Amino acid sequence: MSNNPYYGPEGHGPYEMINIGDLLLEDGGAIPDCKLAVATHGTLNAAKDNAILVPTWYSGTSKIMEQVYIGAGRALDPTKYFIIVVNQIGSGLSTSPHNASGAMVGPNFPKVRIGDDVRAQHRLLTEYFGLTSLALVVGGSMGAQQTYEWAVRYPDFVKRAAPIAGTAKNTEHDFLFAETLNEAITTDPGFSGGHYGSPADVAAGLKRQAKLWTVMGWSTDFFRANRHKALGFETMQGFVDTFMTGYFAPMDPNNLLSMAWKWQRGDVSRNADGDLAAALGRIKKTFVMPISHDMFFPPADCEAEQRLIPGSELRPLASIDGHLGLFGTDPQMLAQLDANLSELLATRVN
């Protein structure tokens, strides 16, 4: 276990660490005493039918979900709903390479799939919170991958689903994108096969990853419109050095690699013997919400899957901020998202 002050309640809290017991993994092995970092907002009603699950994305934690998506008067309103934000395994808050111990520490952390996260969350919701259903599962990027996995794996549990800027089965194109992010880290000599002393030893690799995210996470229109200035940076170089590099620099590289491995292999068709149409055919009421200028999960990829989901609706979110519009940088996109989620939550389901 390594001590990284970046991960903790000071920057990412409040949250509760909940031990769900030993978690057997789909690719073999197990995580003993798997702990999930969980933040809740609002109150569970007597009928226990007002719960909403929000899983986290790559590099993100429950704090950004709270800051960007949850609030009174919003679609995710804690005065109406009991909102449960679960930090994914490997995020740095839940059990992860950097905070594991013994044989699992660092580069020896076992391979975790999206399905493992969802099974862990299901155990949390049923055994700890006593839930038998969710009014909604909603998440962006890797949170969308988990949303799809939930809706396919537990279709009777999930009344509504809202995957944002993500796909049910990762594409070869996106797999290669993520591979470049991984290589930015692993090719840094300071990475030392995952046995570095601190993220500072891998500073060059983390900076390369930040540059790749800048290129692909935003959009060409974002650059053309000089959107970095609207975000408070006079120059693009300042934006890269201060905002993007500053974001990734304190993160544990092994944590990022662990999350990227499962991101690359997200695939709900594993639940249906490789038949994607059959898997997606299980899903109930769903709004699929790609971001118009997303280069990681382009709208066309999302639409191709949405057509396989009976009764679903494609609700693109217009924003030149691209994939990283998920950070909440475009108020107009957030307004579109809130309108869609409010409509979805008002829809009666069986």
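Anything mentioned here points back to the structure above.
My aim in this report is to walk through the structure given alongside it, one point at a time.

1. A look at unusual backbone geometry
Note the cis peptide between G13 and P14, where omega equals 0°. With respect to the secondary-structure elements, P14 resides in the loop between α1 (9-12) and β1 (16-19). One non-glycine residue with positive phi stands out, namely K48, at about 55°.

2. Side note on the sheet that holds β1
Taking strand neighbours across the sheet as the criterion, the eight strands line up as β1-β4-β6-β5-β7-β8-β9-β10 in an open arrangement whose pairing is mixed. The sheet terminates laterally at β1 and β10 (313-314), the two strands that pair on one side only. The sheet contact formed by strand β8 (residues 160-164) and strand β9 (residues 285-288) spans two bridges and is parallel. Its bridge partner lying in β9, A161 is registered against T286. Strand contacts of helix α3 (residues 114-128): β1, β4 (35-41), β5 (51-55) and β6 (82-86), with the helix running at about 60° to β4, the strand carrying the most contacts.

3. Remarks on helix α12 (residues 299-306)
Within α12 the residues assigned to the buried category are C302, E305 and Q306. Along the long axis of α12, the arc covered by the buried residues comes to 100°, so they all point the same way. Buried-residue contacts for α12 involve α4 (142-153), α11 (276-280), β9 and β10.

4. A word on the pattern of salt bridges
What the rule picks out here adds up to 17 salt bridges. A salt bridge links R153 to E26, with the nearest nitrogen and oxygen atoms 2.8 Å apart. Of the two residues, R153 sits in helix α4 while E26 sits in the loop between β2 (23-24) and β3 (30-31), which places them 127 residues apart along the sequence. We note a salt bridge from R113 to D27, for which the minimum N-O separation is 2.6 Å. With R113 in the loop between β6 and α3 and D27 in the loop between β2 and β3, the pair connects residues that are 86 residues apart, well separated along the chain. Residue classification places R113 among the buried positions, given a relative accessible area of 13%. Residues joined in a network through salt bridges with shared partners are E26, D116, R119, E149, R153 and R270.

5. Some details on helix α6 (residues 203-217)
Between its terminal C-alpha atoms α6 stretches 20 Å, which fits the 21 Å expected from 15 residues at 1.5 Å a residue. Along α6, the residues classified as buried are G205, L206, Q209, A210, W213, T214, M216 and G217. Summarising the contacts, the buried residues of α6 are in contact with α5 (172-186), α7 (220-224), α9 (236-248) and α10 (253-264).

6. Brief notes about the nonpolar core
By size, the foremost hydrophobic cluster in this structure holds 109 residues, and its most contacted members are Y69, L76, L125, W150 and W263. It is helix α13 (residues 331-346) that contributes the most residues to this core, six residues altogether. Setting aside anything within four residues of it in sequence, one finds L76 in contact with I52, V54, Y69, I70, G71, I83, L136, V138 and L341.

7. Side note on the packing of α3 against α4
Where α3 contacts α4, the two axes come as close as 9 Å, and the packing angle between them is 65°. Of the possible angle classes, the one that applies to α3 and α4 is roughly perpendicular. Judged by the twist between their axes, the crossing of α3 over α4 is right-handed. Between α3 and α4, the residues in contact are I114, G115, D117, V118, R119, Q121, H122 and L125 and M142, Q145, Q146, E149, W150 and R153, respectively. The class makeup of the residues in the contact of α3 with α4 is five nonpolar, five polar and four charged.

8. Concerning the packing of aromatic side chains
Any two aromatic rings considered together are summarised by their centre-to-centre distance and by the angle between their planes. One pass over the structure, following the stated rule, counts 26 aromatic pairs. Centroid distance F233 to F243: 6.1 Å. Interplanar angle 65°. Geometry classified as edge-to-face. Here F243 lies in helix α9 and F233 lies in the loop between α8 (227-230) and α9, a separation of ten residues in the sequence. Positioned over the ring face of F287 is R315, at 4.1 Å from the centre of the ring.

Rules and cut-offs
- Residues numbered from 1 in each chain as written.
- Predicted model: local features only at pLDDT ≥ 70, side-chain atom pairs only at ≥ 80, totals over all residues.
- Heavy atoms only, no water.
- Helix = DSSP H or I, 4+ residues; strand = E, 2+ residues; numbered from the N terminus.
- Pairing = 2+ DSSP bridges.
- Contact = heavy atoms within 4.5 Å.
- Axes fitted to C-alpha atoms, helices over the stretch in contact; angles between N-to-C directions.
- Buried < 20%, exposed > 50% of the residue type's maximum accessible area, 1.4 Å probe, protein only.
- Arc of directions from axis to C-beta.
- Salt bridge = Lys/Arg side-chain N within 4 Å of Asp/Glu carboxyl O.
- Expected span 1.5 Å × (residues − 1).
- Core = buried A, V, L, I, M, F, W, Y, C linked by side-chain atoms within 4.5 Å.
- Parallel < 35°, antiparallel > 145°, perpendicular 65-115°, else oblique.
- Left-handed = near helix turned anticlockwise from the far one by under 90°.
- Nonpolar A, V, L, I, M, F, W, Y, C, P; charged D, E, K, R; others polar.
- Phe/Tyr/Trp six-rings, centres within 6.5 Å; stacked < 30°, edge-to-face > 60°.
- Lys NZ or Arg CZ within 6 Å of the ring centre and 35° of its normal.

By themselves, these figures tell us nothing about what the structure is for.
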